[in-house]
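The residues making up each chain are set out below.
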Amino acid sequence: MEKIKKFIECLIPVTKCNIRCSYCYVIQENRREGDVPELDYDLDTMQKALTKERFGGVCYFSLCGAGETLIPEYTIDIAYRLLENGHYVNITTNGTLSKRFDQIIERFPKEYLSRLHFAFSLHYLELVRLKSLDRFFENVNKVKENGCSFVVQLNMCDEYYPYLNEIKKICLEKVKAFPQIAVTRKETKYPKMEIDLYTDQSEEEYIQNGRSFQSPLFEFTLQNFKKKRKEFCYAGDWSYQLNLKTGLLKRCYCSCVVQNIFKDVQKPIFTCAVGKFCNSDYCFNSSHFMSLGVIPEVPTPTYARLRNRKEAGWYTESMNEFLSGKLEDTNVQYNKIQRLKTNIVGIYDKVAYWAYVNLLELKNKRKEEKS
């Protein structure tokens, strides 16, 4: 059984979506432009850039759009090429585009489907409003029956409170288990950046409602919510954030150390861990990065443990084994000299990021003043 070598969080550049959720981060940040942009590089170039040889082994690529990930047909093409390269792939989706799931099942060999994982976001009230709830669960079970693995996850928010028992009941009927629960955050950028739970109720009530689903994903995310990480992080070496439109690869979301890995597919990928100089207020995607082990000194449940409902068989045996691995099992930790060099880069990155954020805030303030 192959083990995970790298984790790459990938942005599909779509901002178009066929549903509209009140708690959507993209809507909160006013980024819902309704676009399906063309890719800057062709698929052959992308495939050559994302080989096992270039990354040093089998990777886990997670594809997610700023809108619905499966709206662009090229999402399917990208997933196919990554699977053809021997990697494992996740696609985050609202689960409503039946045609896309049919295309995947008809086109992908069984062996590819066994390395494909879907993160189905259960946007319950939107699905009810659009009369798409049955379609959602039909698509979940369709991919399961064809050898894929999946997780059904629900964003906990106030508008779902009257329907929580209803949601539990239908999930037990349709997928044999409660959904995993995602912590929904509310962001305020001005006059300063503030992040809170997306609720007008008390924090205790929010947590109590989330815990009623007995979700390991919810518990782990809460544990790390707004907790500044000061340990040595290997994001930038063991994991990355990749824009699939431009080919720009970053160490993590808030890093200014950027390289274009599509421009010259023969050029080695520059590796330098974030170390102790993370620019984020906390690990925004801890359930991905930390559960896969980018901070080895912090013990965590595995990625599979946070998502799979073993009693309901959401994961195949092979997917469960692959996503139960840790990046530290296949990568080498730095010695003292390497850590020192990394932290020097981290100081530069922190200064650059501080300047970038302040410049962005100044531009936005001027724009608001003019309007």
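Here the structure is a predicted model, which is why all the values come from computation and not from measurement.

### Considerations on the sheet that holds strand β4 (residues 116-121)
Part 1 of the argument: The strand order across the open sheet formed by nine strands is β6-β5-β4-β3-β2-β1-β9-β10-β11, and the pairing between neighbours is mixed. Strands at the two margins of the open sheet, each flanked by one partner only, are β6 (180-183) and β11 (258-260). Across this sheet, the average inter-strand angle for adjacent strands is 25 degrees, counted without regard to direction.
Part 2 of the argument: Relative to β11, strand β10 (residues 248-250) is paired through three bridges, and the arrangement is antiparallel. Within β11, the position partnered with L248 by the bridge is N260.
Part 3 of the argument: With respect to the sheet, helix α4 (residues 74-84) is in contact with β1 (6-12), β2 (59-65), β3 (88-93) and β4, its orientation differing from that of β2 by roughly 175 degrees.

### Overview of the packing of α4 against helix α5 (residues 98-107)
Between two packed helices, the angle of one axis relative to the other and the distance separating the axes together describe the packing.
Part 1 of the argument: Between α4 and α5, the shortest axis-to-axis distance is 11 Å and the interhelical angle comes to 30 degrees. The pairing of α4 with α5 is recorded here as roughly parallel in orientation. In the packing of α4 onto α5, the handedness of the crossing is right-handed. Judged by residue contacts, I76, D77 and Y80 of α4 engage R100, Q103, I104 and R107 from α5.
Part 2 of the argument: Looking at the contact of α4 with α5 residue by residue, the class counts come to three nonpolar, one polar and three charged.

### Here we look at empty space enclosed by the protein
Part 1 of the argument: For the structure on display, the rule yields three cavities of 30 Å³ or more.
Part 2 of the argument: Reported here for the largest cavity is a volume of approximately 140 Å³.
Part 3 of the argument: Taken together, 18 residues make up the lining of the largest cavity; nearest its centre are R229, C233, C252, C278 and C283.
Part 4 of the argument: Grouping the amino acids of the lining of the largest cavity by side-chain chemistry returns twelve nonpolar, three polar and three charged.

### Focus: the packing of helix α8 (residues 133-145) against helix α9 (residues 164-175)
Part 1 of the argument: Relative to each other, α8 and α9 sit at 40 degrees, their axes nearing to 10 Å. In terms of orientation, α8 lies oblique with respect to α9. With respect to the hand of their crossing, α8 and α9 are arranged in right-handed fashion. Contact residues: L133, D134, F137, V140 and N141 in α8; I170, C171, K174 and V175 in α9.
Part 2 of the argument: Within the contact of α8 with α9, the residues separate by chemical class into six nonpolar, one polar and two charged.

### Here we look at the pattern of salt bridges
Side-chain pairs of opposite charge can arise where the charged atoms are in close proximity.
Part 1 of the argument: As enumerated under the stated definition, the model contains twelve salt bridges in all.
Part 2 of the argument: Taking the shortest distance from any N to any O, the salt bridge between D44 and R81 comes out at 2.8 Å. With D44 in helix α2 (residues 43-49) and R81 in helix α4, this pair connects stretches of sequence that are 37 residues apart.
Part 3 of the argument: Its salt-bridge partner being R211, residue E219 comes within 2.8 Å of it at the nearest N-O pair.
Part 4 of the argument: For R211, a relative accessible area of 46% translates into the label partly exposed.

### Brief notes about the packing of aromatic side chains
Part 1 of the argument: Evaluated as defined, the whole model comprises 27 aromatic pairs.
Part 2 of the argument: Between the aromatic rings of F120 and F150, the centroid separation amounts to 6.5 Å while the plane-to-plane angle is 75 degrees, which identifies the pairing as edge-to-face. Here F150 lies in strand β5 (residues 149-156) and F120 lies in strand β4, a separation of 30 residues in the sequence.
Part 3 of the argument: A cation over a ring is seen here: R339 above F232, with NZ or CZ 4.3 Å from the ring centre.

### Section: the layout of surface pockets
Part 1 of the argument: Quantified by volume, the second largest pocket comes out at close to 150 Å³.
Part 2 of the argument: Lining the second largest pocket are D237, T271, C272, V332, Q333, Y334, Q338, K341, T342 and V345.
Part 3 of the argument: Here the residues of the lining of the second largest pocket sort into four nonpolar, four polar and two charged.

### Some details on the pairing of strand β9 (residues 239-243)
Part 1 of the argument: With respect to burial, β9 is a largely interior element, four of its five residues being buried.
Part 2 of the argument: Bridging between β1 and β9 involves five bridges; their strand directions are parallel. The partner of I8 across the bridge, within β9, is Y240.
Part 3 of the argument: Note that β9 and β10 share two bridges and pair antiparallel. The partner of L242 across the bridge, within β10, is L249.
Part 4 of the argument: Hairpin connection, β9 to β10: the antiparallel pair is bridged by four residues, and G247 has positive phi, about 85 degrees.

Cut-offs and rules
Residues numbered from 1 in each chain as written. Predicted model: local features only at pLDDT ≥ 70, side-chain atom pairs only at ≥ 80, totals over all residues. Heavy atoms only, no water. Pairing = 2+ DSSP bridges. Helix = DSSP H or I, 4+ residues; strand = E, 2+ residues; numbered from the N terminus. Axes fitted to C-alpha atoms, helices over the stretch in contact; angles between N-to-C directions. Contact = heavy atoms within 4.5 Å. Parallel < 35°, antiparallel > 145°, perpendicular 65-115°, else oblique. Left-handed = near helix turned anticlockwise from the far one by under 90°. Nonpolar A, V, L, I, M, F, W, Y, C, P; charged D, E, K, R; others polar. 1 Å grid on protein atoms, 1.4 Å probe; cavity = no way out; pocket = protein on both sides within 12 Å on 5 of 7 lines; lining within 4 Å. Points joined across faces, edges and corners; volume = space filled by probe spheres on them. Salt bridge = Lys/Arg side-chain N within 4 Å of Asp/Glu carboxyl O. Buried < 20%, exposed > 50% of the residue type's maximum accessible area, 1.4 Å probe, protein only. Phe/Tyr/Trp six-rings, centres within 6.5 Å; stacked < 30°, edge-to-face > 60°. Lys NZ or Arg CZ within 6 Å of the ring centre and 35° of its normal.

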